[in-house]
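# Summary of the model geometry
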Amino acid sequence: MKILSDLRQEHGSVFVAELPDGAIVPWKPLSVGDALLYKEAFDAELIAPAVLENEIWKKCVTDSILVATIYKQKAGSVTSIVKTILDYSLPKTIEEI
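Note that this is a predicted model, so its numbers are computed, not measured.

### With respect to the pairing of strand E1 (residues 15-18)
Direction of pairing for E1 relative to strand E2 (residues 24-27): antiparallel, over a ladder of four bridges. Paired with alanine 17 across the bridge in E2 is valine 25.

### Some details on the packing of helix H3 (residues 49-60) against helix H5 (residues 77-89)
In contact at an axis separation of 9 Å, H3 and H5 are set at 70° when each is read in the N-to-C sense. One element, H3, and the other, H5, form an angle in the roughly perpendicular class. Note on packing geometry: the crossing formed by H3 with H5 is left-handed. For the pair H3 and H5, contact is made by Glu53, Ile56, Trp57 and Cys60 and by Ser77, Val78, Thr79, Ile81, Val82 and Ile85, respectively.

### Considering helix H2 (residues 32-44)
For H2, spanning 13 residues, the distance from its first C-alpha to its last is 18 Å, which sits close to the expected 18 Å at 1.5 Å a residue. Those residues of H2 that fall on the buried side of the exposure criterion are Ala35, Tyr38 and Ala41. Down the axis of H2, the sector holding all buried residues measures 125°, keeping them to one side. Pointing more than 90 degrees away from the buried face of H2 are the exposed residues Leu37 and Glu40. Each element contacted by the buried residues of H2 is listed here: H3 and H5. Downstream of H2 by a residue or two, glutamate 45 has a phi angle that is positive, lying close to 55°.

### A word on the side chain of serine 77
When you line up the elements, serine 77 lands in helix H5. With a relative accessible area of 7%, serine 77 lands in the buried category. If sequence neighbours within four positions are ignored, serine 77 has contacts with Leu19 and Trp57.

### Topic: the packing of H2 against H3
The contact between H2 and H3 brings their axes to 10 Å, and the two run at 165°. Classed by the angle they form, the pair H2 and H3 counts as roughly antiparallel. Note on packing geometry: the crossing formed by H2 with H3 is left-handed. On the side of H2, the interface is formed by Asp34, Tyr38, Ala41 and Phe42, while H3 contributes Pro49, Leu52, Glu53, Glu55, Ile56 and Lys59. For the contact of H2 with H3, a count of residues per class yields six nonpolar, no polar and four charged.

Parameters and conventions
For every chain, the first residue of the written sequence is number 1, and numbering continues from 1 along that sequence. Under the rules for a predicted model, residues below a pLDDT of 70 receive no local features and side-chain atom pairs below 80 are neither given nor counted, while totals for whole chains, interfaces and linings still include all residues. Heavy atoms from the whole structure form the basis of all side-chain values; hydrogens and water molecules are not counted. Pairing between strands is defined by DSSP: at least two bridges between the two strands are required. Under the scheme used here, helices are H or I runs from DSSP no shorter than 4 residues and strands are E runs no shorter than 2 residues, and both carry numbers assigned from the N terminus. Think of each axis as a best-fit line through the C-alpha atoms, taken over the contacting stretch in the case of a helix, with angles from 0 to 180 degrees between the N-to-C directions. Here roughly perpendicular refers to angles of 65 to 115 degrees, roughly parallel to angles under 35, roughly antiparallel to angles over 145, and oblique to all remaining angles. Crossing handedness: left-handed means the near helix sits turned counterclockwise from the far one by under a right angle, and right-handed means the same turn made clockwise. Only heavy atoms enter the contact rule, under which two residues are in contact if any of them lie within 4.5 Å. A helix is expected to span 1.5 Å for every residue after the first. The classification of residues rests on relative accessible area computed with a 1.4 Å probe and restricted to protein chains. Under 20% of the type maximum is buried, over 50% is exposed, and intermediate values are partly exposed. This arc is taken over the directions from the axis of the helix to the C-beta atoms. Gly counts as polar in this scheme, as do all residues outside two lists: the nonpolar Ala, Val, Leu, Ile, Met, Phe, Trp, Tyr, Cys and Pro, and the charged Asp, Glu, Lys and Arg.

Quick look at the structure:
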């Protein structure tokens, strides 16, 4: 298992999430603008959530193997990580915007 310093050396400044199966997912947050656009798209329900989740996964997960194997991830893994990314990326206060 890689430690955070190894991941940061390999991927730059990243956040890390651990899946229930022990897999480590390094990711970077969305820009505030992108986060607001994705939130709006999820709320509007005009685009399938899986499509939006795939876009965010590919944009934010920094491990190219995990990005390439998105369709092999266990059920709920992508949704869980994307929810974390979106929650972290969205501004919580007016000042953050």
